[in-house]
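# Structural overview for review
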Amino acid sequence: MAKIHMPYGSLEGQTAHIAEYIADVIRAHGHQAETVDLKHNTGRLPDGQDGVIVAASVHMGKHEGFVADFVRENRTELDQVPSALVSVSLAAHGDEANAESQVKQFEEETGWHPRHVAMFGGALLYTRYNFLKRQLMKKIVKDKGSQDLDTSRDYIYTEWDGVKHFTEDFLARLANPANPS
Ligand SMILES: Cc1cc2nc3c(=O)[nH]c(=O)nc-3n(C[C@H](O)[C@H](O)[C@H](O)COP(=O)(O)O)c2cc1C
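Residues numbered from 1 in each chain as written. Predicted model: local features only at pLDDT ≥ 70, side-chain atom pairs only at ≥ 80, totals over all residues. Heavy atoms only, no water.

## A look at the packing of aromatic side chains
Counted under the stated rule, the structure contains 4 aromatic pairs. Their ring planes at 50 degrees and their centres at 5.0 Å tell us that Y21 and W160 sit as a pair that is tilted. Note that Y21 is positioned in helix α1 (residues 14-28) and W160 in helix α6 (residues 160-175), a separation of 139 residues in sequence. Taking relative accessible area as the criterion, Y21 reaches 25% and is therefore assigned partly exposed. W160 sits in the partly exposed class, given a relative accessible area of 30%. Judged by centre distance (6.0 Å) and plane angle (85 degrees), the rings of Y126 and Y155 are edge-to-face. Remark: Y155 occurs in strand β8 (residues 155-156) and Y126 occurs in the loop between β7 (123-124) and α5 (131-143); sequence separation between them is 29 residues. Residue classification places Y126 among the buried positions, given a relative accessible area of 0%. Linked through ring pairs, F120, F166 and F170 together constitute an aromatic cluster. Between the NZ or CZ atom of R153 and the centre of the ring of Y155, over which it lies, the distance is 3.8 Å. (Phe/Tyr/Trp six-rings, centres within 6.5 Å; stacked < 30°, edge-to-face > 60°. Helix = DSSP H or I, 4+ residues; strand = E, 2+ residues; numbered from the N terminus. Buried < 20%, exposed > 50% of the residue type's maximum accessible area, 1.4 Å probe, protein only. Lys NZ or Arg CZ within 6 Å of the ring centre and 35° of its normal.)

## Some remarks on the pairing of strand β2 (residues 32-37)
In this sheet, β2 lies alongside strand β1 (residues 3-8) in parallel orientation, the contact comprising 6 bridges. Bridge pairing links M6 to T35 in β2. For the crossover from β1 across α1 to β2, the handedness is right-handed. (Pairing = 2+ DSSP bridges. Right-handed = clockwise from strand over helix to strand, strands pointing away.)

## Some remarks on the domain arrangement of the protein chain
You'll often see interface size given as the accessible area lost when the parts meet. Taken domain by domain, the protein chain holds domain 1 (3-122 + 159-175) and domain 2 (124-156). Across the contact, 7 residues belong to domain 1 and 10 residues belong to domain 2. In total, about 640 Å² of surface goes out of reach between domain 1 and domain 2, with carbon and sulfur atoms giving 57% of it. Remark: the boundary between domain 1 and domain 2 carries 2 salt bridges. Among the salt bridges present, the one from K133 reaches E12, with a minimum N-O distance of 2.8 Å. At the boundary of domain 1 with domain 2, the tally comes to 1 residue pair in polar contact (both at pLDDT 80 or more). Residue classes in the side of domain 1 that touches domain 2 are distributed as 2 nonpolar, 3 polar and 2 charged. (Domains from an automatic or database assignment. Contact = heavy atoms within 4.5 Å. Buried area = accessible area lost by both parts, 1.4 Å probe. Salt bridge = Lys/Arg side-chain N within 4 Å of Asp/Glu carboxyl O. Polar contact = N/O pair within 3.5 Å; in protein donor to acceptor, adjacent residues only side chain to side chain. Nonpolar A, V, L, I, M, F, W, Y, C, P; charged D, E, K, R; others polar.)

Structure (structure tokens):
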């Protein structure tokens, strides 16, 4: 049974949902998974992990600063175990180049170059934003040419099948590190 540690950053909650979903998939395969909200728990990566999946979301072009701090503080340990970065953003839904450049910036900022990176669409939670954030997000989305402008509802872009697939691939690589797939 493998032990997977899953530190994450999430400002509005979608990355937290994704991290919990990944943890459920890991547990359904008979392994241990522990999610840790870095907003409340920074510090050291615990010893004895068989794998680490770091998840973070993008706001104003950047992943959470507290996730970057965590990665910088634990870079040596992260390089010693199979690890992956999960990046959650609106760009990951239809603007791959932008999503990739946000990941590249995170890698440059932290010096961590995870072997595995997954980019998942996040959520546009109009009903949960305050007035200013709602207007800001509507403008950004409109400027991108999207039709998702009805602020009386939310839009969820996460493709859960893709998240499951990524998790199962990660587990398969843990079981067989020689397999580069
Ligand atoms: C104020 C704000 C700024 C955002 N800026 C970006 C951005 O620059 N690029 C992007 O791809 N997504 C951006 N997003 C979309 C978020 O990445 C998306 O809503 C994600 O689901 C947030 O994850 P979280 O709920 O875990 O915080 C922004 C969202 C908000 C509310």
